[in-house]
Amino acid sequence: ISGLSSLVLAIPVGLLVDRYPQQRAKLLKLSVIFAVVTSVLATIACLTDIVLLLYVALLFLGTFAELSSSTSEALFADSVPQGHRSGVFITKSILTTVGSAC
């Protein structure tokens with residue numbers, strides 16, 4: 001469910017991030033709200049065994065994941081000078097892969 005919500009929101013979030021580059025920090029703050037709501041909903045869903053509430057939490061999780069990843073990737077790309085991006089992105093990709101494996 002979270003993957004489907006990420007898939008549906010990928011293009012609109014990408015357009016939003018690219019169209020308003022000065023608002024990217026605010027979008028990251030908004031993603032934190034989705035993360036907190038997701039945590040609260042998931043906790044309540046697990047404690048009360050309400051599956052529908054868990055589905056809603058997963059929708060919020062997908063929204064958080066897409067909003068935070070798209071925005072942070074755009075901020076990261078903009079923070080690196082254009083001539084040096086490939087090396088930095090390769091290093092980031094290696095670290096992300098190693099971190100995921102651990």
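In case you missed it, the structure is sitting above this.
Residues numbered from 1 in each chain as written. Predicted model: local features only at pLDDT ≥ 70, side-chain atom pairs only at ≥ 80, totals over all residues. Heavy atoms only, no water.

> Mind showing me how you'd approach the packing of helix 3 (residues 51–79) against helix 4 (residues 85–101) here?
Relative placement of two packed helices is described by the angle separating their axes and the distance separating the axes. The interhelical angle for the contact between helix 3 and helix 4, taken along N-to-C directions, is 140°, at an axis separation of 10 Å. Considering the angle they form, helix 3 stands oblique to helix 4. On the side of helix 3, the interface is formed by E73, F76, A77 and D78, while helix 4 contributes R85, V88, F89 and K92. Class assignment of the residues belonging to the contact of helix 3 with helix 4 gives a composition of 4 nonpolar, no polar and 4 charged. (Axes fitted to C-alpha atoms, helices over the stretch in contact; angles between N-to-C directions. Helix = DSSP H or I, 4+ residues; strand = E, 2+ residues; numbered from the N terminus. Parallel < 35°, antiparallel > 145°, perpendicular 65-115°, else oblique. Contact = heavy atoms within 4.5 Å. Nonpolar A, V, L, I, M, F, W, Y, C, P; charged D, E, K, R; others polar.)

> What's the story with the packing of helix 2 (residues 24–48) against helix 3 in this structure? I'm lost.
Across the interface, helix 2 lies against helix 3 with an axial gap of 8 Å and an inter-helix angle of 155°. When the interaxial angle is binned, helix 2 and helix 3 end up roughly antiparallel. As helix 2 runs across helix 3, the sense of the crossing is left-handed. (Left-handed = near helix turned anticlockwise from the far one by under 90°.)

> When you look at the nonpolar core in this model, what are you seeing that I'm missing?
Here is a general trend for soluble globular proteins: nonpolar side chains tend to be buried in one another's company. Listed in full, the 5 residues of the largest apolar core are V13, V17, L27, L67 and A74. Listed by contribution, the elements that provide at least two residues to this core are helix 1 (2–19) and helix 3. (Core = buried A, V, L, I, M, F, W, Y, C linked by side-chain atoms within 4.5 Å. Buried < 20%, exposed > 50% of the residue type's maximum accessible area, 1.4 Å probe, protein only.)

> I tried to follow the pattern of salt bridges on my own but got confused; where do I start?
When their charged atoms lie close together, side chains carrying opposite charge are able to pair. By the definition in use, this model includes 2 salt bridges. With a closest N to O distance of 2.1 Å, R24 and D78 form a salt bridge. In this pair, R24 is assigned in helix 2 and D78 in helix 3, connecting sequence segments 54 residues apart. R24 gets classed as buried once you look at its relative accessible area, which sits at 7%. Given the relative accessible area of 48%, D78 is considered partly exposed. Across the pair K92 and E73 runs a salt bridge whose closest N-O atoms are separated by 2.7 Å. Taken together, the residues K92 in helix 4 and E73 in helix 3 connect sequence positions 19 residues apart. You can call K92 partly exposed: its relative accessible area is 26%. (Salt bridge = Lys/Arg side-chain N within 4 Å of Asp/Glu carboxyl O.)

> What exactly am I supposed to notice about the packing of aromatic side chains here?
The relative placement of two aromatic rings is captured by the distance of their centres and the angle of their planes. Applying the stated rule across the entire model yields 2 aromatic pairs. Seen in terms of ring centroids, F34 and F60 are 5.6 Å apart; in terms of plane orientation they differ by 40°. Their pairing is tilted. Of this pair, F34 sits in helix 2 while F60 sits in helix 3, and the two are 26 residues apart along the sequence. Ring plane angle 80° and centroid distance 5.1 Å describe the contact between F76 and F89, whose orientation is recorded as edge-to-face. Of this pair, F76 sits in helix 3 while F89 sits in helix 4, and the two are 13 residues apart along the sequence. Over the ring of F76 we find K92; its NZ or CZ atom is 5.8 Å from the centre of that ring. (Phe/Tyr/Trp six-rings, centres within 6.5 Å; stacked < 30°, edge-to-face > 60°. Lys NZ or Arg CZ within 6 Å of the ring centre and 35° of its normal.)

As far as function goes, none of this settles anything; it's purely spatial.
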